[in-house]
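Architecture and fold: a report
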2 protein chains.
Amino acid sequence: MAFKSLGPSTAAFPTPTWVIATYDKNERANVMTAAWGGIVNSNPPSIAVAIQPPRYTYENILAKREFTVCIPSEEYAKEADYFGITSGRDEDKIAKAGLTAVRAEKVNAPYIKEFPMHLECKLTDRMNLGTHFVLIGQIIDVKAEEDILDNKDSIEIQKLKPIVYSPTDRNYYKVGDEIGKAFSIGKEIKDKD
Amino acid sequence: MAFKSLGPSTAAFPTPTWVIATYDKNERANVMTAAWGGIVNSNPPSIAVAIQPPRYTYENILAKREFTVCIPSEEYAKEADYFGITSGRDEDKIAKAGLTAVRAEKVNAPYIKEFPMHLECKLTDRMNLGTHFVLIGQIIDVKAEEDILDNKDSIEIQKLKPIVYSPTDRNYYKVGDEIGKAFSIGKEIKDKD
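A brief look at the structure comes next.

Reading guide: rules and limits
- Residues numbered from 1 in each chain as written.
- Chains lettered and ligands numbered in written order.
- Predicted model: local features only at pLDDT ≥ 70, side-chain atom pairs only at ≥ 80, totals over all residues.
- Heavy atoms only, no water.
- Salt bridge = Lys/Arg side-chain N within 4 Å of Asp/Glu carboxyl O.
- Helix = DSSP H or I, 4+ residues; strand = E, 2+ residues; numbered from the N terminus.
- Contact = heavy atoms within 4.5 Å.
- Buried area = accessible area lost by both parts, 1.4 Å probe.
- Polar contact = N/O pair within 3.5 Å; in protein donor to acceptor, adjacent residues only side chain to side chain.
- Nonpolar A, V, L, I, M, F, W, Y, C, P; charged D, E, K, R; others polar.
- Pairing = 2+ DSSP bridges.
- 1 Å grid on protein atoms, 1.4 Å probe; cavity = no way out; pocket = protein on both sides within 12 Å on 5 of 7 lines; lining within 4 Å.
- Points joined across faces, edges and corners; volume = space filled by probe spheres on them.
- Least-squares fit on C-alpha atoms with pLDDT ≥ 70 in both.

Bringing the pattern of salt bridges into the picture now. On inspection of all chains with the given rule, the structure shows 26 salt bridges over all chains. Between Lys 4 of chain A and Asp 153 of chain B there is a salt bridge, with its nearest N and O atoms 3.0 Å apart. In this pair, Lys 4 of chain A is assigned in strand E1 (residues 3–5) and Asp 153 of chain B in the loop between strand E11 (133–145) and helix H4 (157–160), connecting two distinct chains. Notably, a salt bridge pairs Glu 105 of chain B with Lys 143 of chain B, separated by 2.7 Å at the nearest N-O pair. Placement of the pair is Glu 105 of chain B in the loop between strand E8 (101–103) and strand E9 (110–112) and Lys 143 of chain B in strand E11, with a sequence separation of 38 residues.

See the structure below:
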């Protein structure tokens, strides 16, 4: 077994499949799919998404300074994929996909009603990295469908069914079986003499 | 079915389980586990990880300006978890976990030999977001074990077996079955009249 050098690339695993929703200058709801980004701060809770400036969504976020990160369940993989291969400059993606845009409660941005959760975000920072800007959104609220919550109102990943994206074979994958409890299974090593 | 407001929090799905490896001032290899971050730029290829300044890894990255992002396979969930619940100030985590630190080829940082892939990174930027800094690493090289590559030297996620972290129930999960081909399954909607 040996390591092989694959050169510089953007291969990392697992990466998410997220749908960024905004209003454009005509107050029309628009969406794009992003696999690049992650949670980046605990207080204030913040999320980063990387977007290229020519994208319609970039223009909308800079203008409105608000957006949502909608998390599609695996049954909406086809719709999420479509949102990534078409520009909102050319067509009303949400209508064409047969989905429903609803105005978010706390930010001036829409969310996709059929997707089981979304984060309502306000743009707080951005950083130019070359081809992409990292946009930092402060998470003002997390909303989840009641039927993906357990009895303590905590989101259950097995009911949410988020989509894992694989950048090398460019396929979408499900989340599988539980491996173990974080901040717990490692104690066996920690407590060794 | 209705949406419930859960308040501002850092809940997002799926998030990764990554192990950040550095050398400290005594050239001792150290590791920490991070679930916050993502790919953020294509040219140069760059990755972001969010780290709190009091962490030993933060100090090491700022001093050396180089690090690796090692991706554990699911069989090393226990070791990855342990790396997240102990500080390298207090103990030699890699040795205690029975794993092997090897000097990376292109950056002044170690990688974990038992983990199937790692990204060799140079610090290029950082942004203070409050509790955490987002550290941007330019990916100088991606290295993968030969046995997780297909016949075109592309990493196979089903052989890599990366760990999905769920922030609400704080469990680790496997990557499951394939859902469909990205940039392809959405064409059915795009091509509709």
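Following the structure, the description resumes.
Our focus in this paragraph is the interface of chain A and chain B. Taken together, the 104 residues of chain A in the interface contact 104 residues of chain B. Summed over both sides, the interface between chain A and chain B buries roughly 9,300 Å², with carbon and sulfur atoms accounting for 65% of that surface. At the junction of chain A with chain B, the criterion picks out four salt bridges. Across the contact surface, chain A and chain B share 62 residue pairs in polar contact (both at pLDDT 80 or more). A per-element tally of the side of chain A that touches chain B places strand E13 (residues 171–181) of chain A first, with eleven residues. Of the residues contributing to the side of chain A that touches chain B, the split by class is 53 nonpolar, 25 polar and 26 charged. Where E13 of chain A meets strand E13 (residues 171–181) of chain B, seven bridges bridge the pair, whose relative direction is antiparallel. Within E13 of chain B, the residue paired with Asn 171 of chain A across the bridge is Lys 181 of chain B.

Looking now at empty space enclosed by the protein. Enumeration according to the criterion identifies two cavities of 30 Å³ or more in this entry. Lining the largest cavity we find Pro 14, Thr 15, Pro 16, Trp 18, Gly 37 and Gly 38 of chain A together with Pro 14, Thr 15, Pro 16, Trp 18, Gly 37 and Gly 38 of chain B. Mapped by element, the contributors of at least two residues to the lining of the largest cavity are strand E2 (15–16) and strand E5 (37–42) of chain A together with strand E2 (15–16) and strand E5 (37–42) of chain B. In terms of residue class, the lining of the largest cavity is built from six nonpolar, six polar and no charged. The computed volume of the second largest cavity comes to approximately 30 Å³. Of all the secondary-structure elements, those providing two or more residues to the lining of the second largest cavity are strand E4 (29–34) and helix H1 (56–64) of chain A. Ranked by the residues each element gives to the lining of the second largest cavity, the list is headed by E4 of chain A, at three residues. Tallied by class, residues from the lining of the second largest cavity come to three nonpolar, five polar and two charged.

In the superposition of chain A on chain B (RMSD 0.0 Å, axial shift 0.0 Å), the rotation amounts to 180°. What the rotation and shift describe, once combined, is the action of a two-fold rotation axis. Judged by C-alpha distance, Gly 176 of chain A is the residue of chain A that lies nearest the rotation axis, at 2.0 Å. When the interface residues of chain A are mapped onto chain B, 100% of them are again interface residues, pointing to one common binding face.

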